[in-house]
Amino acid sequence: MDVRLDVFSSGRFPRWGKGLKLGVGLLLGASLSACGDPDWQGTDWTKNYQDNFETQISARAALMPGSTDQAYQPSPDGTPNSPVAYHAPPMLSYEDHPLNENIAGSLELSDYVKAIQVAKLDPWISGPGPYTLFAIPNAALERLSTRWPGGLLAPANRGQLTHILGYTIAYGKWDEAALRKAIQRNHGRAIGLKTLYGDLLGVQLSPQTGELILENTAGQTNRLGSRSFPQSNGVLYFTQDTLLPVPVLKPASAGSKNGHR
């Protein structure tokens, strides 16, 4: 397993360290330029793509969550219609398929898939990895998108979109067992996963329920929506909401030409 862990200062529990404030949460584009592209300069994607024919075949598949039942709308005039036409199709995650193929088969992640393509991050999750993907469901991503003029997919907001989505992609293969073991080794304290642009994504256990919870350095949290789904190049999770990375801005006097890391 690719173990990329770091010390994570939780803003939610003072005894774990002092967190950062999220007052500059919407300035993600500024910090993105400082982060730079994550090692993809000069990468030959034709060699990076994970070929299914080279992947060990598995017959295992799991049913991914979805909310397509809410898409059914009765006819306004009461005319009978067929409920079969609105039946929620099974959305399966196949263990021998890479992340990009499995999320493309999820109706619940259709907005997330489109956003990943617009941000041009799909080559990462189609490669050998391993990566752990904390995918954002449609409703949560749509709510977040309204906070930007023109929506997150607008060309003017491309930097913010790329940084936000990069925060959902962590290096390594982190299923529930691996995360719980890492937290246990850290004496029950939060661990920090390195994400695509170097931001730390905290993972901790809820003191009340014992479930895994995501946290940024400002102490804001995000719950996972279901179990993890093993992929041929990593692990897939569905989250319940969105969680933004926190940019760290440095004073101009600190010697940073652009005022950020």
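Structure shown above.
Read on for an overview of the structure. Here the structure is a predicted model, which means the values were calculated and not measured.

Here we look at the nonpolar core
Judged by nonpolar contacts, the single largest core of 32 residues is most densely connected at Tyr112 and Leu121. Those elements giving two or more residues to this core turn out to be α3 (99-104), α4 (110-118), α5 (122-125), β4 (131-135), α6 (138-145), α7 (158-166), β5 (169-171) and β11 (234-238). Looking at this core, the element that brings in the most residues is α4, giving 5 residues. If we ignore the near neighbours within four places in the chain, the residues touching Tyr112 are Ile103, Leu133, Phe134, Ala135, Ile136, Asn138, Leu141, Leu165 and Thr168. In this structure, Phe134, Ile191, Leu201 and Tyr237 belong to the second largest nonpolar core, which totals 18 residues.

Thoughts on the pairing of strand β7 (residues 200-205)
Within β7, 5 of the 6 residues are buried, which leaves the element mostly enclosed by the surrounding structure. As defined by bridge partners, strand β6 (residues 191-194) adjoins β7 across 4 bridges and the pair is classed as antiparallel. By the bridge assignment for β7, Lys194 is matched with Leu200. Hairpin connection, β6 to β7: the antiparallel pair is bridged by 5 residues, and Gly198 has positive phi, about 95°. Strand direction decides the pairing type here: β7 and strand β8 (residues 212-215), joined by 4 bridges, are antiparallel. Within β8, the residue paired with Leu205 across the bridge is Leu212. Connecting β7 to the antiparallel partner β8 that follows it, the hairpin turn spans 6 residues, and Gly210 within it adopts a positive phi of roughly 80°.

Digging into the sheet that holds β4
Across the sheet, which stays open at both edges, the 4 strands sit in the order β5-β4-β11-β10 with mixed pairing between neighbours. Among the strands making up the open sheet, the edge pair consists of β5 and β10 (229-231). On average, each strand axis in the sheet is inclined to that of its neighbour by 20°, with strand direction left out of account. Across 3 bridges, β10 lies against β11 in antiparallel orientation. Counterpart to Pro230 in the pairing with β11 is Val235.

Topic: α4
Inspection of α4 places Tyr112, Val113, Ala115, Ile116 and Val118 among the buried residues, and these make up the whole buried set. In this structure, the buried side of α4 is in contact with α3, α5, β4, α6, α7 and β5. The first or second residue beyond α4 is Lys120, which carries a positive phi of 60°.

Re empty space enclosed by the protein
Applying the stated rule across the entire model yields 1 cavity of 30 Å³ or more. Each pocket or cavity is described by its volume, and for the largest cavity that value is around 70 Å³. Considering the residues around the largest cavity, the lining is formed by Phe134, Ile136, Ile164, Tyr167, Thr168, Leu201, Leu214, Asn222, Thr239, Asp241, Thr242 and Leu243. Split into classes, the residues belonging to the lining of the largest cavity amount to 7 nonpolar, 4 polar and 1 charged.

Considerations on the packing of aromatic side chains
Counted according to the given criterion, the structure contains 4 aromatic pairs. Ring centres of Tyr131 and Tyr171 lie 5.7 Å apart, and the angle between their planes is 45°; on these two criteria the pair is classed as tilted. Separated by 40 residues along the polypeptide, Tyr131 in strand β4 and Tyr171 in strand β5 bring together distant segments of the chain. Take Tyr131: its relative accessible area is 8%, and that puts it in the buried class. Seen from their ring centres, Phe134 and Tyr237 are 5.1 Å apart, and the 15° between their planes marks the pair as stacked. Of this pair, Phe134 sits in strand β4 while Tyr237 sits in strand β11, and the two are 103 residues apart along the sequence. Comparing Phe134 with Tyr237, the two get one shared label, buried. These aromatic residues form a ring-pair network of at least three members: Trp124, Tyr131 and Tyr171.

The rules behind each value
- Residues numbered from 1 in each chain as written.
- Predicted model: local features only at pLDDT ≥ 70, side-chain atom pairs only at ≥ 80, totals over all residues.
- Heavy atoms only, no water.
- Core = buried A, V, L, I, M, F, W, Y, C linked by side-chain atoms within 4.5 Å.
- Buried < 20%, exposed > 50% of the residue type's maximum accessible area, 1.4 Å probe, protein only.
- Helix = DSSP H or I, 4+ residues; strand = E, 2+ residues; numbered from the N terminus.
- Contact = heavy atoms within 4.5 Å.
- Pairing = 2+ DSSP bridges.
- Axes fitted to C-alpha atoms, helices over the stretch in contact; angles between N-to-C directions.
- 1 Å grid on protein atoms, 1.4 Å probe; cavity = no way out; pocket = protein on both sides within 12 Å on 5 of 7 lines; lining within 4 Å.
- Points joined across faces, edges and corners; volume = space filled by probe spheres on them.
- Nonpolar A, V, L, I, M, F, W, Y, C, P; charged D, E, K, R; others polar.
- Phe/Tyr/Trp six-rings, centres within 6.5 Å; stacked < 30°, edge-to-face > 60°.

Such coordinate-based values are descriptive only and should not be taken to indicate function.
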